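Architecture at a glance
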Amino acid sequence: MKHIVIIGNGISGITTARWVRKLSDHKITVISSETDHFFSRTALMYIYMGHMRYEDTKPYEDWFWDKNRIELKKAHVNFIDFDQKQLQLDDGSSFSYDKLVLALGSKSNKFGWPGQDLNGVGGLYHYQDLEQMEVYSNGLKRAVIVGGGLIGIEMAEMFHSRHIPVTMLVREDSYWSNVLPSEESKMINNHIIKNGIDLRLGVNLGEIKDGGTGTANAVVVKESGEEIPCGYVGLTAGVSPNIGWLIESGLDIGRGIKVNEYLETNIADVYAIGDCAEQQSPQPGRRPIEAIWYTGRIMGETVAYNICGKPVKYNPGLWFNSAKFIDIEYQVYGEVPAKIRDGMTTLFWKHHDNEKSIRINYDTDSRAVLGFNLFGIRYRHEVCEKWILEKTHIEEVLTHLGMANFDPEFYKQYEQNLIDQYNEQTGSSVTLKTKRGLNKVLAFLKS
Amino acid sequence: MKIIQNIGLLLVILAILIFTAMLGIGYNKMEISDLNLENEDHQTAIIEAAQGEAFFGEELSSIAFISKYKSILKKASNQLNENWSNGPIKGKEEWTYKLQDWQISKYVESSIASTADGPVQRNPLLFLGLTFGLAILGGLLYIIPLFNEHEGIKHNGIYHNPLTRGLKVNVRSLFLFGGFFAILVWGFFKLQNLFWPLVTIAVAGIITALVFVKDKSKGQDPQRSASPIDTGWLGIIAGTYLIGFYILLYWAPSYIQNWIDMVDPVSRMLSGGEASQWFLYGLMYSVIVLVMGIRMFTKYQHNKYQKVRTASVIFFQLAFAFLIPEILVRMNQPWFDFKNIWPLDYDFFYKYNLDNLMSSGGLGVFMLVWGIILIIVGIPLMTYFMGKRWYCSWVCGCGGLAETMGDPFRQLSDKSMRAWKYERYIIHGVLAFAVIMTAMVLIHYFTGRSTLLGMNVENVKSWYGFFIGAGFSGVVGTGFYPLMGNRVWCRFGCPLAAYLGIVQRFQSRFRITTNGGQCISCGNCSTYCEMGIDVRSYAQKGQDIVRSSCVGCGVCSAVCPRGVLRLENGSGDVGTRTEELRTIHISESEVGIL
Ligand SMILES: Cc1cc2nc3c(=O)[nH]c(=O)nc-3n(C[C@H](O)[C@H](O)[C@H](O)COP(=O)(O)OP(=O)(O)OC[C@H]3O[C@@H](n4cnc5c(N)ncnc54)[C@H](O)[C@@H]3O)c2cc1C
Ligand code: SF4
């Protein structure tokens, strides 16, 4: 029996603990300084908005850990002695391990803006960030959010839900346009504005002004010099691995902790997973660092196999993701770049309400489908994935497109609209043969 | 917009205040000539007992009237007992001569309607307008502007609101156990029978022991995972008010004669007969389902499944549960709710009902056959094709109220493992109780045997009616909306839900499909599951959800921010719905050998 120590109780650390327990009898300890128990970071916004309580964001009840003999320790790890295999905790105690898993997560980026460390300035990553937001929300007249990514729009929605006016400063000319194709990006611009959020595109943060008490009271826009009075500044210009304290430790570190495909670091018996891990040789179509939920989960499961002597390579599979922009849901499967690359053709349909769209990318020569981008419409993960992996011909996909539809019963289906668009665009005459429904899907997935 | 809504809220509050205050106005006045009892011995004894008391011809408040009349009846009863103890009286039977306790209650209850008088009786329509009218108007003023809001999920601030934020676990437990014992004590006094309350305590003890010992729940304290935030005071007030309402409705209708008289004109218009407390209840129920149903349309403008489903429950409540039965009565047919199914409709096989249906000609026989076909064929078939949702969240009246008036409270259901254990024992226990009781009733009907295993049928029936029919489904079932969520009865108590659930779990095409690996474990689905299913625990594993309790309301799918859940039916894999984990990331074949 070995002692497996995991630093970080986020999705990746906890998944490791659960799988090590499933696969073995090792002693397991999870150390984290953020909260006593694993909670879902992705749900932070819902706590603030009053949709859920903190308790509701915990995926496992508190007795789960005792029952599965997973020891939890709330402490901060200050230093790791890799030779002695020892950790030093902030309470002065030290802790030894046989195998160590680093699941340290990310931290919010700060780019050296003047005033970035004032009170009333914060990111949204840790639970403590939420508590800060709560403190400043009382009587707040305006919040300014710097950065237009996924967390930025969540923060905007949070303040908006409490009727606090929000200004969003976005560097790009259109919301999240480094990831979203321009049609979709414009749709989201519209949606943000429709919700009454003051969206400023193509602007940068110049400086955050101190109201004289060490607290932010205004933001200066770099380009125009305009001063926007506000009581809170949200910094949401991305996240980066939370590894500052490990730089001199002997670990091989780039932007994150470098790992091979078995998630091993350069030091024996030390693994890194989740947001803080940087793949030395990422799989095709994947980036070295992917700060998203399901990759953390898959890495956690993979590393548990490796720790338990059943080596298996990290394989996140085909790219997919999802998000929600205020009221518009977003799903992506496969390759959907912001700018269509050479050799790729795109088929795009948008509903006139400007809140729903379907995009399918396919290879110009072989006409094999490459990717799906959905706004306001839900598609089935497994069906899209199978089509892409099997390089299915676009017309075959369109013929059976109903199979992919995952919207609730009675929802209107828009597959026909997309097909009409395709026929018009290419002069073909594809007809929709398969509509939404489970039986066809079950048969297709088995085939 | 906000102003209109606030006016609406004020009107609703005003209507509730007037409604409550109505119980204190008016008087009861009984003349000797009003006392027309068939039993002459009783008649004379009562008149004698009332002599010297300021009772006949006096204007008394309903509370004073009831207590005075009761004491007079008691006095008369004692006198008759005394007379009899001096030796049997010629030509009289003891059991007709004496005035029994149950007759005292009956005499009081039957005197209330004819003796009540006051502003309500003189202007019922005015009061109807001031209560129902104002409440509907205020409700609509509040709700209609909501149609202007953006489409999307409307859960902002639910946990900041003192009405909907719920209770700390220990406060909730206090209410729960307090309520449970209060109902048992009440049952003892009302039915004068210690046996059944004791049996109930014993059964509760067994269930608790099963949960704690057999399922080893002792260390799994849900309190440890539950909310530390303040208890919602408005929720407690609302819950207490509802509980109080149900107690009066079921067990002390004499005190709410003013409410009944207020709706009397409506009853006469519909069925031609005078209103009872059940007519009052049916009318309120229908109005609430309708108004709060409109609220559901505003909340789910973007979700057609919710809109169709809500339209369905409104329709079934208004037409099947309310109007059609009244019209049947007007046509001299039996009062019959075509969508109410045994064992929820627990008195379907009672002798009076069978006799009534069979003596009502062709239509009555049809009703009987219809009811039986629903039980034997309708339920398994419909549930096989689309899951129990066809009934629980599309047709059922209890479900209809839960999905409309109860919707603001759906997040308060307990998601803990322990609650699930209690749920399974209790709901199947109630199903067993209903089946045993009905078996006894039918044996009695066909063979005339009134005791079985030493238990008297009438006793079993009255305890079921009191404890399950009224206490559980009414007082706790609805009174606990703001305390434990809107499906307490459906989840823990309803024997029909238990039956539907067994079919759904083992032989149905219905399931909630999980969309591959998209789940981010946020917990919205579990939080808003009114049946307390931990939907997330399945979704994050990539497993489809097949649970006997799922009523298919579709809200988990609606609130999921990542498009992970879909309610659907498929025949391809009925046997393996529960097993498949379609997104295990690492299969054994991928694992290398060292
Ligand atoms: C607001 C928000 C919304 C998001 N939404 C989505 C989404 O919709 N979809 C999606 O795919 N992803 C989303 N993400 C990203 C996703 O949450 C992260 O990728 C994921 O949580 C990373 O998990 P992890 O286990 O790697 O790290 P974390 O969850 O960050 O866990 C690391 C833990 O380790 C602790 N720790 C770090 N260093 C130490 C130390 N030295 N000593 C002790 N403890 C330490 C940290 O305090 C932290 O608790 C979102 C993130 C945020 C912040
Ligand atoms: S609501 Fe959706 S994303 Fe959130 S836990 Fe449930 S299934 Fe997962």
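Residues numbered from 1 in each chain as written. Chains lettered and ligands numbered in written order. Predicted model: local features only at pLDDT ≥ 70, side-chain atom pairs only at ≥ 80, totals over all residues. Heavy atoms only, no water.

In terms of helices and strands, chain A carries 11 helices and 25 strands. Considering only C-alpha atoms, chain A reaches an extent of 70 × 60 × 40 Å along its principal axes. Accessible surface for chain A amounts to roughly 17600 Å². Of this, 47% is attributable to carbon and sulfur atoms. Looking at charge distribution, chain A has the averaged site of its 49 positive side-chain charges lying 4 Å from that of its 57 negative ones. (Helix = DSSP H or I, 4+ residues; strand = E, 2+ residues; numbered from the N terminus. Areas by Shrake-Rupley, 256 points an atom, 1.4 Å probe, with all protein chains shown as cover. Lys, Arg positive; Asp, Glu negative; His and termini not counted. Charge placed at Lys NZ, Arg CZ, Asp CG, Glu CD.)

Residue and element names in this part refer to chain B. Taken together, 13 residues sit near ligand 2, with Cys519, Cys522, Gly523, Cys525 and Cys560 positioned nearest. Among the secondary structure elements, those contributing two or more residues to the shell around ligand 2 are α24 (524–527) and α25 (535–539). Of the residues belonging to the shell around ligand 2, the class tally is nine nonpolar, three polar and one charged. (Near = heavy atom within 4 Å. Nonpolar A, V, L, I, M, F, W, Y, C, P; charged D, E, K, R; others polar.)

A separate point is the side chain of A:Asp56. Its location among the elements puts A:Asp56 in the loop between α2 (44–48) and α3 (64–67). Exposure remark for A:Asp56: the relative accessible area of 12% places this residue in the buried category. (Buried < 20%, exposed > 50% of the residue type's maximum accessible area, 1.4 Å probe, protein only.)

Time to look at the pairing of strand β25 (residues 369–375) of chain A. In regular strands, side chains alternate between the two faces of the sheet. Residues and elements named next belong to chain A. Within β25, seven of the seven residues are buried, which leaves the element mostly enclosed by the surrounding structure. Inspection of the sheet shows strand β22 (residues 328–334) paired to β25 by five bridges, in the antiparallel sense. Counted as the bridge partner of Val332 is Asn373 from β25. Two strands pair when backbone bridges link them, and strand β24 (residues 357–363) and β25 are joined in this way by six bridges, in the antiparallel orientation. Bridging from a neighbouring strand, Arg359 pairs with Asn373 of β25. Remark: five residues form the turn of the hairpin made by β24 and β25, two consecutive strands paired antiparallel; Arg367 in that turn has positive phi of roughly 60°. (Pairing = 2+ DSSP bridges.)

Looking now at the environment of A:Ala323. Positionally, A:Ala323 belongs in strand β21 (residues 320–325). C-alpha separation for the pair A:Ala323 and A:Gly105, spaced 218 residues apart in sequence, amounts to 19 Å. Dropping the residues within four chain positions of it, A:Ala323 is found in contact with A:Leu150, A:Ile328, A:Glu329, A:Tyr330, B:Pro561 and B:Arg562. (Contact = heavy atoms within 4.5 Å.)

In the vicinity of ligand 1, 33 residues are found, and the nearest of them are A:Ser12, A:Glu34, A:Tyr125, A:Asp275 and B:Arg562. Of the chains in the model, those with residues near ligand 1 are chains A and B. Contact distances for ligand 1 include 3.3 Å between an oxygen atom and a backbone N or O atom of A:Ala291. One of the side-chain nitrogen or oxygen atoms of B:Arg562 is found 2.5 Å away from an oxygen atom of ligand 1. When ligand 1 is considered free in solution it has 990 Å² of accessible area, and contact with the protein chains removes 96% of it. (Polar contact = N/O pair within 3.5 Å; in protein donor to acceptor, adjacent residues only side chain to side chain.)

Here we take up the sheet that holds strand β2 (residues 27–32) of chain A. Sheet strands line up and pair through hydrogen bonds in the backbone, either parallel or antiparallel. Residue and element names in this part refer to chain A. If you trace the five strands from one edge of the open sheet to the other, you get β3-β2-β1-β7-β19, paired in parallel fashion. Both edges of this open sheet fall to β3 (70–74) and β19 (270–272), since each of them pairs with a single strand only. Pairwise comparison of adjacent strand axes, ignoring direction, gives a mean angle of 20° for this sheet. Pairing of β2 with β3, which is carried by five bridges, proceeds in the parallel orientation. Counterpart to Ser32 in the pairing with β3 is Lys74. Of the strands in this sheet, β1 (3–7), β2, β3 and β7 (99–102) are in contact with helix α1 (residues 11–23), which crosses β2 at around 170°. On top of the sheet, helix α7 (residues 293–307) reaches β1, β7 and β19; it is set at about 165° to β19, its chief contact. (Axes fitted to C-alpha atoms, helices over the stretch in contact; angles between N-to-C directions.)

Residue and element names in this part refer to chain B. Taken together, the side chains of Val365, Val369, Ile373, Ile376, Val377, Leu381 and Phe385 present a nonpolar region at the surface, about 610 Å² in accessible area. As for its placement among the helices and strands, Phe385 is situated in helix α16 (residues 361–386). Overall, the relative accessible area of 39% leaves Phe385 in the partly exposed class. (Patch = residues over 30% accessible without salt bridge, like charges linked within 9 Å, V, L, I, M, F, W, Y side chains within 5 Å. Salt bridge = Lys/Arg side-chain N within 4 Å of Asp/Glu carboxyl O.)

Residue and element names in this part refer to chain A. Its domain assignment divides chain A into domain 1 (3–106 + 240–307), domain 2 (121–237) and domain 3 (320–446). On a C-alpha basis, the centres of domain 1 and domain 2 stand 30 Å from each other. On the side of domain 2, 16 residues touch domain 1, which itself brings 14 residues to the contact. In total, domain 1 and domain 2 occlude about 1400 Å² of area from one another, counting both sides; carbon and sulfur atoms represent 63% of this. Contact with domain 2 buries surface across domain 1, with Leu44, Met45 and Tyr48 losing the most and accounting together for 50% of the total. (Domains from an automatic or database assignment. Buried area = accessible area lost by both parts, 1.4 Å probe.)

Here we take up the sheet that holds strand β6 (residues 94–96) of chain A. All names here are of chain A. The strand order across the open sheet built from three strands is β4-β5-β6, with neighbouring strands paired in antiparallel fashion. On the outer flanks of this sheet lie β4 (77–81) and β6, each paired with one strand and no other. Ignoring which end each strand starts from, the neighbouring axes of this sheet average 25° apart. By the bridge criterion, four bridges tie β4 to strand β5 (residues 86–89) in an arrangement that is antiparallel. Pairing of Asp81 across the sheet is with Gln86, part of β5.

Residues and elements named next belong to chain B. Tracing the sequence through the fold places Gln504 in helix α23 (residues 495–506). Judged by its relative accessible area of 1%, Gln504 falls in the buried class. Of the polar contacts made by the side chain of Gln504, one reaches the backbone oxygen of Arg547; its length is 2.8 Å. Within polar-contact distance, the side chain of Gln504 engages the backbone oxygen of Cys550 at 2.9 Å. Apart from residues no more than four positions distant in its own chain, Gln504 is found in contact with Thr383, Gly387, Lys388, Arg389, Phe510, Val546, Arg547, Ser548, Cys550 and Arg577.

Moving on: a positive patch on the surface. On the surface, A:Lys412, A:Lys435, B:Lys304 and B:Lys307 cluster together into a patch of positive charge. The residue A:Lys435 is located in the loop between α10 (415–426) and α11 (438–446) in this model.

Now for unusual backbone geometry. Negative phi is the rule for most residues except glycine; trans is the rule for most peptide bonds. The step from B:Trp342 to B:Pro343 runs through a cis peptide bond, and the omega angle for that step is 5°. Mapped onto the fold, B:Pro343 is located in the loop between α14 (304–330) and α15 (351–358). You will see that A:Lys391, though not glycine, has its phi angle at about 50°, which is positive. Here A:Lys391 shows up in the loop between α8 (381–389) and α9 (394–399). A positive phi angle, close to 55°, is found at B:Ser521, a residue other than glycine.

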